[in-house]
Amino acid sequence: MTLTGLTTIIKMADKKRIMERLRKLGYIDCKKHKELRNLSIETLFKGELQETETFPDVKDKRTYQGGIFMKVKGYEQLEFIIVNINDNKNAFPIDILIWAKEIENG
């Protein structure tokens, strides 16, 4: 996925819609994957990261920010999408979504 493509998804600023869109694009929810649910955040953050800007939801209660992790050690064949959901003051993390997809060669 490109950073522009992820930015378009994150701008929806709606957890359910973001998850539906990632699923349609072939990404899998790491929380529900037998092996990937044990992936540490530390391992993930040692990969190469590209981040989107932060966008508020329509009620201005939450902010959404996304990132693409590539070249994660031990998971080089995967691309990871991370979605940070925070309160509107960006002070308290509400949720973090981590999705993955096998990188298409070619």
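Calculation notes
Residues numbered from 1 in each chain as written. Predicted model: local features only at pLDDT ≥ 70, side-chain atom pairs only at ≥ 80, totals over all residues. Heavy atoms only, no water. Core = buried A, V, L, I, M, F, W, Y, C linked by side-chain atoms within 4.5 Å. Buried < 20%, exposed > 50% of the residue type's maximum accessible area, 1.4 Å probe, protein only. Helix = DSSP H or I, 4+ residues; strand = E, 2+ residues; numbered from the N terminus. Contact = heavy atoms within 4.5 Å. Salt bridge = Lys/Arg side-chain N within 4 Å of Asp/Glu carboxyl O. Pairing = 2+ DSSP bridges. Phe/Tyr/Trp six-rings, centres within 6.5 Å; stacked < 30°, edge-to-face > 60°.

## Quick notes on the nonpolar core
Formed by 16 residues in total, the largest nonpolar core has its most connected members in Leu22, Tyr64, Ile81, Val83 and Trp99. Taken together, the elements giving at least two residues each to this core come down to helix H1 (3-10), helix H2 (15-24), strand E3 (62-70), strand E4 (78-87) and strand E5 (93-102). With near-sequence residues (within four places) excluded, Trp99 lies in contact with Met19, Leu22, Arg23, Tyr27, Ile28, Asp29, Cys30, Glu79, Phe80 and Ile81. Core analysis: the second largest hydrophobic core is formed by eleven residues, Cys30, Leu36, Phe69 and Ile98 among them.

## A closer look at the pattern of salt bridges
One pass over the structure, following the stated rule, counts four salt bridges. Its salt-bridge partner being Glu42, residue Lys46 comes within 3.6 Å of it at the nearest N-O pair. Accessibility classification places Lys46 together with Glu42 in one group, the exposed group. In this structure, Lys71 and Glu48 form a salt bridge, with 3.6 Å as the shortest nitrogen-oxygen distance. Here Glu48 lies in strand E2 (residues 48-56) and Lys71 lies in the loop between E3 and E4, a separation of 23 residues in the sequence. Judged by relative accessible area, which is 57%, Lys71 ranks as exposed. Connected via shared salt-bridge partners are Lys15, Lys31 and Asp95.

## Considering the pairing of E2
As judged from the seven bridges shared by E2 and E3, these two strands associate in the antiparallel manner. The residue bridging Glu48 from the neighbouring strand is Met70, located in E3. Once E2 ends, the chain turns through five residues before running back antiparallel as E3, passing Asp60 with a positive phi of about 55°.

## Concerning the packing of aromatic side chains
Under the defined criterion, the tally for this structure stands at two aromatic pairs. Here Phe45 and Phe69 contribute two aromatic rings whose centre-to-centre distance is 4.8 Å and whose plane-to-plane angle is 70°, an arrangement assigned as edge-to-face. Separated by 24 residues along the polypeptide, Phe45 in the loop between helix H3 (41-44) and E2 and Phe69 in strand E3 bring together distant segments of the chain. Among the residues examined, Phe45 registers a relative accessible area of 43% and is labelled partly exposed.

Purely geometric stuff here, so don't read any function into it on its own.
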